[in-house]
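Observations on the three-dimensional arrangement
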2 protein chains.
Amino acid sequence: MDNFTFHIPTQFVFGKSAEMQTGKKLKELGLKNVLIVYGTGSVVRSGLLDRVKKSLKDSDVSFLELGGIVPNPVDGPVYEGIRIGRENNIDCVLGLGGGSALDTAKAIAVGIPYNGDFWDFYADKATVEEALPVISVLTIAAAGSESSNSSVITKEEIPLKKGLKTEKIRPVLAFLNPELTFTVPAIQKAYGIADMMAHIFERYFTNTKDVLLTDELCEAVLRTIIKSGSKMLFNSQDYASHADIMWAGTLAHNDTLATGRQQDWSCHGIAHGISARFGAAHGATLAVLFPFWMLHQLHHDVERFYRFAVKVMGVDEQGNHEAAAIEGINKLRTFFDSLGLPHSLKTFGVTEEALPELVDDVKLNDEGTIGFFKPLTKEDILAIYKAALK
Amino acid sequence: MDNFTFHIPTQFVFGKSAEMQTGKKLKELGLKNVLIVYGTGSVVRSGLLDRVKKSLKDSDVSFLELGGIVPNPVDGPVYEGIRIGRENNIDCVLGLGGGSALDTAKAIAVGIPYNGDFWDFYADKATVEEALPVISVLTIAAAGSESSNSSVITKEEIPLKKGLKTEKIRPVLAFLNPELTFTVPAIQKAYGIADMMAHIFERYFTNTKDVLLTDELCEAVLRTIIKSGSKMLFNSQDYASHADIMWAGTLAHNDTLATGRQQDWSCHGIAHGISARFGAAHGATLAVLFPFWMLHQLHHDVERFYRFAVKVMGVDEQGNHEAAAIEGINKLRTFFDSLGLPHSLKTFGVTEEALPELVDDVKLNDEGTIGFFKPLTKEDILAIYKAALK
């Protein structure tokens, strides 16, 4: 086990009607003037925005609104939010929705107290010294952004998509009501399941020895995601499974499952380009690529894949560990299939001809590789893409 | 699953030489003048105190010391610490050792900024509004106090042992170096193992339905404690198992394994009197009582005990769930035996004649019962004590 630090300062309010506690909880923290940042349509139509506003009013917390945030959020609304925030002495920013609303809220939160252009932080030209408190009210279980330290914004005029990571934007409060996820379309729920499982895989496949406790924890959450994920997808009003998945999405991407071990992240690294060039959903690309990543990496550590097969995928213990490991990977593909997830890069319109460019898109380190478990070379990446194109 | 809030603000620094980061981390938090509270002997002899002092000096953090804290800590040193703290403008209190040093540190931290007698808080005469930041440097894995919100102090003149619970005393920093636990005597390590398993049992045996994710997490940590606990006890220099157990002790008693479920705590409730009247170690009383508590509660929910037997104790799945459940409980007793833990109240000098008084000692609720899983009446408590006396 490696040395580690562990710090999750976010206060989570989880359960039915959690959003009705926004006013009370903000007041407890001494926050009095909120900018609510949200997307287009559903949070308004569903009445969620009105419920949050009522909760704030009931606790004498005043607010302003900034709606219309789109997926892959851009810089325009960030500048608008910073202007509104400064002119009205906003003291915190509340993201209401999924990753886009939240990432925009985070960008506004670092921009308001900063004298320069907020984009300096995303362009690595300045370090965040101060940020307004960020609050999240989540409507989609997937990305773990409700308590993460990151935000991704696209500068439209270039265009350039850049990420910011700083502890200053980790939400101080996260409101998680599983009922809000009931109406998420089934395929998006499936993308979310693939995304959160992938977050755990990036931590589970490690070279760090003697990490029994976190292995057990990773396996516990993975088994739960498989069981409750299936249930949720085919029972759109089932509270228990939606609740399991919502909390699993948080645990999957905070440090609970990562203590004391090296993480990999090569599969995420080779997946991003598929989204960028072919507009594929992030979770969909991970569902396609991870089984092929596993097959490609199998011989680096057969015993780890055997453990995964037995402990997570329910493969019987047996003498031939390699065969069992492959069976486990195939069972993962079958599970993804059962959720309606794609299993070939063809689904996104990727062709053999596009592969060299996709390989060139992958951001490699100074050694010309990506990842830590078994670092992938350009040849490895091409081999995985090719296998996933069948 | 019940609604819940979840908040662990403690920043953990875990691993080899963790204590050498005290100075740097305190400085990061702007803390400049520490009162170090510690016990008698071992932290001085081992050089731990000197290492912490060196780390503080290296970061220009000044400090004062208050040593000599004894097990079952009393109020005298608390008053002394408050006086030293006020006279020297101490801005935080660092507990170095086990629960006694830490609980004393917490009492001093609430006492310094308070105008009245610190005992007001323990006697339920006042509510904590403010406390100095508390820091923990742990030397024993067991109680989870390194990040807990509680402190127990004995008022010597009465004598009266009282507990305080408030979020204000949850440590802001916890330094956990597994190597510091190498030299803990084997029997105390065993007590710690029983204690942390009991912390999970109190959460695991619940009536709350649909808590699959936390069931899986509880089972994951319990399996790890069983495996690494045995290893640690018979390999006193084995880092991996000591590290697993140290982190498991923290997870066992913070909210990670408790989200969304009713907890019980009746077995702890009936164990305290055995320590009070017979001086028995807390972990030892839990090791004796829990298997008998389980047998007594078996028919309230055979399926839950069956799940425990299969998932935690490794009993084979089978048609007769009751028989399997009993086998699981017996395997737990065998495990405790293997660690050298006692399995009868006789070990502590308890006699049949003492039982009525012990029953009377148990603090019951208004309904005359204790616990939530299947509330224990006085008759139930007597029956469990009797069974445990054989």
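Residues numbered from 1 in each chain as written. Chains lettered and ligands numbered in written order. Predicted model: local features only at pLDDT ≥ 70, side-chain atom pairs only at ≥ 80, totals over all residues.

Points about the overall build of chain A
Heads up, the rule is: Every helix listed is a DSSP run of H or I at least four residues long, and every strand listed is a run of E at least two residues long, numbered separately from the N terminus. Just to be clear, the radius of gyration here is over C-alpha atoms, and the globule rule we use is 2.2 Å times residues to the power 0.38. Each residue is classed by its C-beta neighbour count within 10 Å, where at least 20 other C-beta atoms makes it buried, 12 or fewer makes it exposed, and intermediate counts make it partly exposed; the C-beta atoms are placed from backbone geometry.
Counting its secondary structure elements, chain A contains 15 helices and 8 strands. Compactness check: chain A gives a C-alpha radius of gyration of 21 Å against a globular reference of 21 Å for 390 residues, within 12% of the reference. Principal-axis analysis of the C-alpha atoms places the extent of chain A at approximately 65 × 45 × 40 Å. Looking at chain A residue by residue over its 390 residues, the buried ones come to 53%.

Some remarks on the domain arrangement of chain A
Residue and element names in this part refer to chain A. The condition is simple: Domain borders in the structure are assigned automatically or taken from a domain database. It is the C-beta atoms, placed from the backbone, that decide contacts: two residues are in contact if theirs lie within 7 Å. Note on residue categories: nonpolar means Ala, Val, Leu, Ile, Met, Phe, Trp, Tyr, Cys or Pro, charged means Asp, Glu, Lys or Arg, and polar means any other residue, Gly included.
Assigned domains of chain A: these are domain 1 (11-180) and domain 2 (186-388). The centre of domain 1, based on its C-alpha atoms, is set 29 Å off from the matching centre of domain 2. Tallying the contact residues gives 12 residues for domain 1 and 18 residues for domain 2. Taken together, the residues of the side of domain 1 that touches domain 2 break down into 7 nonpolar, 3 polar and 2 charged.

Structural notes on helix α15 (residues 378-388) of chain A
Residues and elements named next belong to chain A. The condition that has to hold: What the arc measures is the spread of directions leading from the helix axis to the C-beta atoms.
Along α15, the residues classified as buried are Asp-380, Ile-381, Ile-384, Tyr-385 and Ala-388. Projected onto a plane normal to the axis of α15, the buried residues spread over an arc of 135 degrees and lie on a single side. For α15, the elements touching its buried residues are α10 (266-278), α11 (282-297) and α14 (355-361).

Quick look at helix α12 (residues 302-311) of chain B
Residue and element names in this part refer to chain B. When we look at burial in α12, the residues that qualify are Phe-305, Tyr-306, Phe-308 and Ala-309. Summarising the axial view, the buried residues of α12 lie within an arc of 160 degrees, below the 170-degree limit, and thus occupy one face. Contacts made by the buried residues of α12 are with α7 (186-204), α11 (282-297) and α13 (321-338).

Section: the pairing of strand β7 (residues 160-165) of chain B
Every regular strand shows the same layout, with side chains that alternate between the two sheet faces. All names here are of chain B. We apply this condition: Note: two strands are recorded as paired if DSSP finds a minimum of 2 bridges between them.
In this sheet, β7 lies alongside strand β6 (residues 150-155) in antiparallel orientation, the contact comprising 6 bridges. Bridging from a neighbouring strand, Thr-154 pairs with Lys-161 of β7. In this antiparallel pair of consecutive strands, β6 and β7, the connection spans 4 residues.

A word on unusual backbone geometry
Residue and element names in this part refer to chain B. Phi angles above zero are rare outside glycine, and Asp-210 is one such case at about 60 degrees. Among the structural elements, Asp-210 can be located in the loop between α7 and α8 (212-234). Overall, Asp-210 belongs to the partly exposed group, with 17 C-beta atoms counted inside 10 Å.

Things to note about the packing of helix α12 (residues 302-311) of chain A against helix α13 (residues 321-338) of chain A
All names here are of chain A. Using the following cut-off: Working convention: axes come from line fits to C-alpha atoms, limited for helices to the stretch in contact. Angles between N-to-C directions cover 0 to 180 degrees. Oblique is the label for any angle not under 35 degrees, not over 145, and not in the 65 to 115 range, which are roughly parallel, roughly antiparallel and roughly perpendicular in turn. For any pair of crossing helices, the crossing counts as left-handed if the nearer helix is rotated counterclockwise from the farther one by less than a right angle, and right-handed if it is rotated clockwise.
Closest axis-to-axis distance for the α12/α13 pair is 8 Å, and the angle between their directions is 55 degrees. Relative to α13, α12 is oriented oblique. Regarding α12 and α13, the two cross each other, and that crossing is left-handed. Within the contact between the two elements, α12 uses Val-302, Glu-303, Phe-305, Tyr-306, Phe-308, Ala-309 and Val-310 and α13 uses His-321, Glu-322, Ala-324, Ala-325, Glu-327 and Gly-328. Looking at the contact of α12 with α13, its residues break down into 8 nonpolar, 2 polar and 3 charged.

So, the interface of chain B and chain A
Of the residues lining the interface, 33 residues belong to chain B; the matching set on chain A comes to 32 residues. Secondary structure elements with two or more residues in the side of chain B that touches chain A: β1 (4-14), α8 and α9 (239-252) of chain B. Class assignment of the residues belonging to the side of chain B that touches chain A gives a composition of 16 nonpolar, 9 polar and 8 charged. For strand β1 (residues 4-14) of chain A and β1(B), the ladder comprises 7 bridges, and the chain directions are antiparallel. In the sheet register, A:Phe6 faces β1(B), and the bridge partner there is B:Phe12.

Comments concerning the relation of the copies chain B and chain A
The two chain copies are connected by a rotation around an axis plus a translation along it. Heads up, the condition is: In superposing the copies, a least-squares fit is computed on C-alpha atoms, taking residues whose pLDDT is at least 70 in both.
Between chain B and chain A, the superposition needs a rotation of 180 degrees and an axial shift of 0.1 Å, giving an RMSD of 0.1 Å. What the rotation and shift describe, once combined, is the action of a two-fold rotation axis. Rotation axis and chain B: the residue whose C-alpha lies nearest the axis is B:Pro9, separated from it by 2.2 Å. A share of 97% of interface residues in chain B that are also interface residues in chain A marks the association as one of identical surfaces.

Observations concerning the environment of B:Trp247
In this structure, B:Trp247 sits in helix α9. Separated by 243 residues in sequence, B:Trp247 and B:Phe4 have C-alpha atoms that sit 23 Å apart. Residues in contact with B:Trp247, not counting those within four places in the same chain, are A:Leu213, A:Thr259 and B:Phe14.

Remarks on the environment of A:Asp255
All names here are of chain A. Checked against the element boundaries, Asp-255 lands in the loop between α9 (239-252) and α10. When the 16 C-beta atoms within 10 Å are taken as the criterion, Asp-255 is described as partly exposed. Separated by 251 residues in the primary sequence, Asp-255 and Phe-4 have C-alpha atoms spaced 9.9 Å apart. What Asp-255 contacts, discounting residues up to four positions off in sequence, is Phe-6 and Ile-8.

Notes on the nonpolar core
So the rule is basically this: Residues of type Ala, Val, Leu, Ile, Met, Phe, Trp, Tyr and Cys that are buried and joined through C-beta atoms within 7 Å form what is called a nonpolar core.
Counting 260 residues, the largest nonpolar core has A:Val37 and B:Val37 as the members making the most contacts within it. Discounting chain neighbours no more than four positions away, the residues touching B:Val37 are B:Leu66, B:Ile69, B:Gly81, B:Val93, B:Leu94, B:Gly95, B:Leu96, B:Ala101, B:Thr104, B:Ala105 and B:Ile108.

A short note on the confidence of the model for chain A
Selection rule: pLDDT runs from 0 to 100 and stands for how confident the predictor is about each residue.
Per-residue confidence for chain A gives a mean pLDDT of 95, with 100% of residues at or over 70. Here the prediction assigns the complex a pTM of 0.94, and the interface score ipTM is 0.93.

Description of the pairing of strand β4 (residues 92-97) of chain B
Residues and elements named next belong to chain B. When you tally the buried positions in β4, you get 6 out of 6 residues, the bulk of the element. Relative to β4, strand β2 (residues 33-38) runs parallel, the two sharing 5 bridges. In the strand pairing of β4, Tyr-38 is matched with Leu-96.

A word on the environment of A:Leu298
Residues and elements named next belong to chain A. Mapping Leu-298 onto the fold places it in the loop between α11 and α12. Sequence spacing of Leu-298 and Asp-264 is 34 residues, and the spatial spacing of their C-alpha atoms is 14 Å. When sequence neighbours within four positions are dropped, the list of residues in contact with Leu-298 reads Phe-305 and Ala-325.

Brief notes about the sheet that holds β2(B)
Spatially, β3(A)-β2(A)-β4(A)-β5(A)-β8(A)-β1(A)-β1(B)-β8(B)-β5(B)-β4(B)-β2(B)-β3(B) is the arrangement adopted by the 12 strands of the open sheet, whose pairing is mixed. Edge positions in the sheet fall to β3 (62-66) of chain A together with β3 (62-66) of chain B, since each of these pairs with one other strand and no more. Adjacent strand axes in the sheet meet at a mean angle of 25 degrees, parallel and antiparallel pairs treated alike. Running at roughly 155 degrees to β3(B), helix α4 (residues 75-87) of chain B makes contact with β2 and β3 of chain B of the sheet.

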